Amino acid sequence: HSVGIIGAPFSKGQSRDGVQLGPDLIRAAGLVEKLKGQGCTVKDYGNLTFEEVAKDETTGRAKRPRAVGQANKQLSEAVRKIKNEGHACVMLGGDHSLAIGSIHGHAACGTQLSVVWVDAHADINTPLTTPTGNIHGQPMSYLIHELRSKIPVMPNFSWLKPCIAAEDVVYIGLRDVDPEEHYILKYLGIKTFSMTEVDYLGIAKVMEQTCDHIFSKVKKPIHLSYDIDALDPSLAPATGTPVVGGLTYREGIYITEHICQTGLLSAVDMVEVNPKRGGTDNGVRSTVDAAVDLLLGCFGRVREGSHSADYKIP
Ligand SMILES: N/C(=N\O)NCCC[NH3+]
Ligand SMILES: [Mn+2]
Ligand SMILES: [Mn+2]
Ligand SMILES: [Mn+2]
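Per chain, the residues get numbers from 1 upward, laid out in the order the sequence is written. Chains and ligands are labelled sequentially in the order written, the chains with letters from A and the ligands with numbers from 1. Local features are withheld for residues below a pLDDT of 70 in this predicted model, meaning they are given only at 70 or higher, and side-chain atom pairs are given and counted only at 80 or more; totals for whole chains, interfaces and linings count all residues. Excluded from the side-chain calculations are hydrogens and water; all other atoms, namely the structure's heavy atoms, are used.

## Describing the coordination of the manganese ion (ligand 4)
So, point 1. Those donors, Asp119 (OD), His121 (ND1), Asp227 (OD), Asp229 (OD) and Asp229 (OD), are the protein atoms that reach the manganese ion (ligand 4), and they lie 2.1 to 2.5 Å from it.
So, point 2. Given six donor atoms and angles of 58 to 164° at the metal, the environment of the manganese ion (ligand 4) is assigned as irregular.
So, point 3. The sequence pattern describing where the donors of the manganese ion (ligand 4) fall on their chain is D-x1-H-x105-D-x1-D.
So, point 4. The donor set covers N, O and S atoms within 2.8 Å of the metal, switching to 3.2 Å for Na, K and Ca, and it leaves out water, so a site may look short of donors. Between the two metals, the manganese ion (ligand 4) and the manganese ion (ligand 2), the spacing is 4.3 Å. Placement of the pair is aspartate 119 in the loop between strand S4 (114-118) and helix H5 (139-143) and aspartate 227 in strand S7 (residues 222-227), with a sequence separation of 108 residues.
So, point 5. Residue classification places aspartate 119 among the buried residues on the basis of a relative accessible area of 0%.
So, point 6. Overall, the relative accessible area of 2% leaves aspartate 227 in the buried class. In short, tetrahedral needs four donors with all angles between 85 and 135 degrees, square planar needs four and octahedral six donors with opposite donors over 155 degrees apart and all other angles between 65 and 115, and whatever is left is irregular. Helical segments are the DSSP runs of H or I of at least four residues, strand segments are the runs of E of at least two, and each set is numbered from the N terminus. Throughout, exposure labels follow a simple rule: accessible area from a 1.4 Å probe, protein chains only, divided by the maximum for the residue type, with under 20% read as buried, over 50% as exposed, and the rest as partly exposed.

## A closer look at the packing of helix H3 (residues 65-84) against helix H4 (residues 99-108)
So, point 1. Note on definitions: angles span 0 to 180 degrees between N-to-C directions of axes, and those axes are lines fitted to C-alpha atoms, for helices only across the stretch in contact. Where H3 contacts H4, the axes come no closer than 7 Å and their chain directions differ by 35°. As H3 runs across H4, the sense of the crossing is right-handed. Along the contact surface, H3 presents Val68, Asn72, Leu75, Ser76, Val79, Arg80 and Lys83, while H4 presents Ala99, Ile100, Gly101, Ser102, His104, Gly105, His106 and Ala108.
So, point 2. All amino acids are sorted into three groups, where Ala, Val, Leu, Ile, Met, Phe, Trp, Tyr, Cys and Pro are nonpolar, Asp, Glu, Lys and Arg are charged, and the leftover types, Gly among them, are polar. Here the contact of H3 with H4 is built from residues that sort into six nonpolar, seven polar and two charged. Put simply, a crossing is left-handed when the front helix is turned counterclockwise from the back one by less than a right angle, and right-handed when it is turned clockwise. Should any heavy atoms of two residues lie within 4.5 Å, those residues are considered in contact.

Written out as structure tokens, the structure is:
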């Protein structure tokens, strides 16, 4: 695996300070060294720097639109570059509004994408349905072709065109979906595996059916957008909107192992790690370590172990 890493220390898609510290915490936990240790070639493109935006009045209900639009324009260009240089792209957040730029930039290199969205939340409110105004609860509404007519003109968003089809999206881990989002998911017929389905089917069947769905027509590159709050808060408490009844460590890792073995993982977002929300130091460490392990699972780490092809017993 050839991996390009981009850090996006950005928090303006939501209202809690600290999530901008995610990228460097994940690096400090050894992501680059550990990816190299399992045979990946890794290029770290560093962190984006985001200029302050003065006077960022709410548009519709969407809060801080200028900052979010500008940051995601920068991220889109960075992700496109990393993809054009032939790497799988790892985007370290920052809040989940960054999926706007990450998926847009990934799609810009021409191919149609499948999106696997692992999250307690659907993040598919529009600027007019959002109950909070926080754009980290809205990214999918800007990206999906079928919702284009539901998005008002927003400052610093003119660069953004929807780039994924509803039928190419699968959600895993849902357990906190707003009524307006639930209507949109049903109206668009989007494939979802809430925690009820995870319990009923088991994670292996969920992944089998996820792949059946996204490969049902054409096999396309996969964009995995992983919100750390998909995991149970007992394992990953250091996040902005924890929701009880989440994925176990084993389920979370199984998702990444299964997607890795398709050979089609082309970009992954790891977002919403917030050290100021973890309670204890152990909570922060547990959250960051889980994020690292999930990314290692995306790029070849398997729990059964592995060995180099030319190994011989001495
Ligand atoms: N972490 C969040 N999305 O992934 N929060 C926004 C949605 C809350 N209902
Ligand atoms: Mn989020
Ligand atoms: Mn999210
Ligand atoms: Mn979430």
